[in-house]
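What follows is the residue order along each chain.
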Amino acid sequence: MHGRPRKALKQEDEAALSAKTQKLRSLQAHFLANHHNRIYSKEALDVSAKLLEINPECYTAWNYRKLAVQHLLSNSDSDPHSIFQDELKLVEIALRKNFKSYGAWHHRKWVLSQGHSSIDNEMRLLNGFQKADPRNFHAWNYRRFVTELMKRSDEDELKYTEEVIGANFSNYSAWHNRSVLLSSLLKRKVEGYFPKEIFLKEEFEHVHNAIFTDPDDQSGWFYHLWLIDQTVKTDAPLLVSSWPSHGSNITVIRDNGLHGCGLSLLNGTLSDTRTLPIILDFNQAVEGINSSTVSIKSELLKEELVWKPLSTSNSNTAQVWVVYLNLGNMELQQSKTYSVDISIGHSKGIVSSNENHYADPSQISFKVFVQTASIEHSEGQGGKKTTWKHTNFHKIDHFKESDSIISAVQNHHIPTTSNWHTEEIGEEITKFRDLLSDYDCKIGKLTLARLLTALDSLSSQHDGRISNTEEILQLYTDLMKLDPTHFLYYKDEHSLISLKQITSTRDSLLPYCHYYKDATETITGYVSLQLQNLSLSRLGSIENLLWVQMLDLSHNELQSIEGLEAMQLLSCLNLSHNKIGSFTALGPLRLVKSLKVLNISYNELGCHSVDTTRYLCPSPLSHTEEFAWDRFEILTGSVSATKFWEVFLIFGSLTLTELNIIGNAVADENFRSFLVKVLPTLKWLDDEELS
């Protein structure tokens, strides 16, 4: 068991273990020889059976048994019933050896799927295993499989979970099974379970009996968290923000620069590509965004538009989608205003990953104004190095009423929710405040923080009030001290709430917005969002930051930048002095085509021999990306490429003009030389101008 010291074996025990090991190795060698030579005789099957009786976790042996069964069934003289009964007996023996063996349970499922077993016998077997260990998650999973075969109703299974929980409310697996059954009933909109407010109220009362009886037992708490999620979430996907926002104005300068109505968009951001991005941000991942589900009408539209999902996993399902309006091939008339009207979801086809349809048709209209190049422009990032020093930024005193700098926060697409959600969460908050006044426990504080967060989320949909933020932040601060084992989780949640507090209103955002001053001390009109020195470990509230083009996240504790791919206008990014430990953690940057200036100095790139994010971020090894090996080999030449392929993948498609990697273990001369080859557009590297 976890935390228990391992005792040294006695001499006689060591001898017995050595003999057992030799026997197992002999069996494995004999079995593998039979498997390799496709021998399915009775003697060969006996060898595999003995191996599985000793080691039920030998997946190869279970797969061999499937091949053997198929081989035996091909014989016209075979008795299918006898063959499958032998398999079931073997599985039962293996499960009695280890009733948490994945391979054994999966093999039993396979036998049943062939239609050769008694369902009643399976239920008797299950009852025996669940009686021996009521929390056996494998048995509960198998039970769902069996009840589906016997067409037993979800309502009957719900009653069964009540009986098990009544006998022992510490049975986490029974609570989990209850959530699975109720999710199915909700999805099918079964009478009595839809709409969900009535039965959810009863479920809250049900789980209170467990939580308040023994607050230290976590089983009920997890189920309570699921109930909170069911109370707050909307099943159908919703559009929560967009850029440009509804009612905004975009100014196009005839010299190809783009400025936004009070947004002070960076000169160089869109001038190179002469494209205007249109971004749609939903509250959950969706698919089906195309010209039939999202129609765009405008004089600016001269060619068919192709919507792209902004997903780092190369998926056709994404929370954020973008399309690029090409202005480069058009002769725009000066002093003329062009209207752009977007209709979303007026024809069916937008579907979430849980198969719910978008059911809130929306309209976004904005104007594009063509202006003569009468105002003076600085050279922008093209000729002068970007400096992130404090002296290069001028505080903004106030926003104009016409500024749409935080238009994404309006959430004008979110429909009004009925009061029962808010009332239910409010009642839960009252109950848990009372509990914590008598019994101070970590999971109680965590649940209260989640409830207050849920209440703020519901309230913001009505009147924009975020009234519990300070209390939530204090709860997570307390939890970081009380429960250091889960410090990183609490830290991430604290960061998300902090960012939500900063970006929620114009007034809260104003202190973090500054004008950028170039090397000549001229205020360029660039707006920079400065979020440095906030101890952020995780990014959030990106839906409120779609307008941002210059972002300073330096001196934080970020290990990844997940979500940043939605910021399609981002031109300058400062990630210096964070904890980014691999280039794969920078994967979202591959989708930010407007990025020109990047500072990743003083991180931990090259410090870790093992890339712990490789399984979370895209890489050539994941087979989800196209990788130009020919170009890569030409660029690396005779230099060892082991530390370069990720860099090539991340930066190969970008057009950076400035890059700073000082202070990282990976940044040697060979690496710098490789970067110059990969980024032919680069003009500044590590604060030095390239010739």
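Further up the page is the structure itself.
Residues numbered from 1 in each chain as written. Predicted model: local features only at pLDDT ≥ 70, side-chain atom pairs only at ≥ 80, totals over all residues. Heavy atoms only, no water.

Chemist: Before we go on, may I ask you to explain the overall build of the chain in this structure?
Modeler: A count of helical and extended segments in the chain gives 20 helices and 19 strands. Taken over 691 residues, the chain has a buried fraction of 49%. Taking all contacts inside the chain whose residues are at least 6 apart in sequence as the whole, residues at least 24 apart take part in 67%. Surface accessibility of the chain: about 33,800 Å² in total, with carbon and sulfur atoms responsible for 50%. (Helix = DSSP H or I, 4+ residues; strand = E, 2+ residues; numbered from the N terminus. Buried < 20%, exposed > 50% of the residue type's maximum accessible area, 1.4 Å probe, protein only. Contact = heavy atoms within 4.5 Å. Areas by Shrake-Rupley, 256 points an atom, 1.4 Å probe, with all protein chains shown as cover.)

Chemist: What's the story with the nonpolar core in this structure? I'm lost.
Modeler: Ranked by size, the top nonpolar core spans 91 residues in total, and within it Phe651 and Leu659 carry the most contacts. Taken together, domain 2 (239–374) and domain 4 (511–689) each give at least three residues to this core, which thus spans both. Setting aside its immediate chain neighbours within four residues, leucine 659 contacts Leu598, Ile600, Phe651, Leu675, Leu679, Leu682, Trp684, Leu685 and Asp686. (Core = buried A, V, L, I, M, F, W, Y, C linked by side-chain atoms within 4.5 Å. Domains from an automatic or database assignment.)

Chemist: Any chance you could explain the environment of glutamate 203 here in plain terms?
Modeler: Locating glutamate 203 in the fold gives a position in helix α10 (residues 197–213). Spatially, the C-alpha atoms of glutamate 203 and tyrosine 223 are 9.4 Å apart, while their sequence positions differ by 20 residues.

Chemist: It is not clear to me how a nonpolar patch on the surface should be interpreted in this structure. Could you clarify?
Modeler: The grouping of Phe137, Tyr172 and Phe222 at the surface amounts to a nonpolar patch, some 280 Å² of accessible area in total. Here phenylalanine 222 shows up in helix α11 (residues 219–232). Classification of phenylalanine 222 by relative accessible area gives partly exposed; the value is 42%. (Patch = residues over 30% accessible without salt bridge, like charges linked within 9 Å, V, L, I, M, F, W, Y side chains within 5 Å. Salt bridge = Lys/Arg side-chain N within 4 Å of Asp/Glu carboxyl O.)

Chemist: Sorry if this is basic, but what is going on with helix α15 (residues 469–482) here?
Modeler: One turn of an α-helix holds 3.6 residues; hence residues three or four places apart share an orientation. Between its first and last C-alpha, α15 extends 20 Å over 14 residues, near the 20 Å set by a 1.5 Å rise per residue. Here α15 has its buried residues at Thr469, Ile472, Leu473, Leu475, Tyr476, Leu479 and Met480. The arc that holds the buried residues of α15, viewed along the axis, is 155°, so those residues lie on one side. The outward face of α15, more than 90 degrees from its buried face, is lined by the exposed residues Glu470 and Lys481. (Expected span 1.5 Å × (residues − 1). Arc of directions from axis to C-beta.)

Chemist: Explanation requested: the pairing of strand β8 (residues 337–344) in the structure shown.
Modeler: Along any regular strand the residues' side chains alternate between the sheet's two faces. Strand direction decides the pairing type here: strand β5 (residues 294–298) and β8, joined by five bridges, are antiparallel. Residue pairing in the sheet places valine 294 in a bridge with isoleucine 344 of β8. Relative to strand β10 (residues 362–371), β8 runs antiparallel, the two being bridged by eight bridges. The residue of β10 that forms the bridge with valine 340 is phenylalanine 366. (Pairing = 2+ DSSP bridges.)

Chemist: Explain the packing of helix α2 (residues 42–54) against helix α4 (residues 80–97) here, please?
Modeler: Between two packed helices, the angle of one axis relative to the other and the distance separating the axes together describe the packing. Taken N-terminus to C-terminus, the directions of α2 and α4 make an angle of 25°; their axes are 8 Å apart at the nearest point. By the angle between their directions, the pair α2 and α4 is classed as roughly parallel. Side by side, α2 and α4 meet where Ala49, Leu52, Glu53 and Ile54 of the first sit next to Leu90, Ile93, Ala94 and Lys97 of the second. Tallied by class, the residues present in the contact of α2 with α4 amount to six nonpolar, no polar and two charged. (Axes fitted to C-alpha atoms, helices over the stretch in contact; angles between N-to-C directions. Parallel < 35°, antiparallel > 145°, perpendicular 65-115°, else oblique. Nonpolar A, V, L, I, M, F, W, Y, C, P; charged D, E, K, R; others polar.)

Chemist: Please clarify how helix α9 (residues 172–187) should be interpreted in this entry.
Modeler: Here α9 is 16 residues long and its end C-alpha atoms lie 23 Å apart, about the 22 Å a rise of 1.5 Å per residue gives. Taken together, the buried positions of α9 are occupied by Ser173, Ala174, Trp175, Asn177, Arg178, Ser179, Leu181, Leu182, Leu185 and Leu186. Elements that come into contact with the buried residues of α9 comprise α7 (137–149), α8 (154–167), α10 and α11. The opening residue of α9 is asparagine 171, an N-cap whose side-chain oxygen sits 3.2 Å from the backbone nitrogen of serine 173. Phi for lysine 189, located one or two positions after α9, is positive at around 55°. (Polar contact = N/O pair within 3.5 Å; in protein donor to acceptor, adjacent residues only side chain to side chain.)

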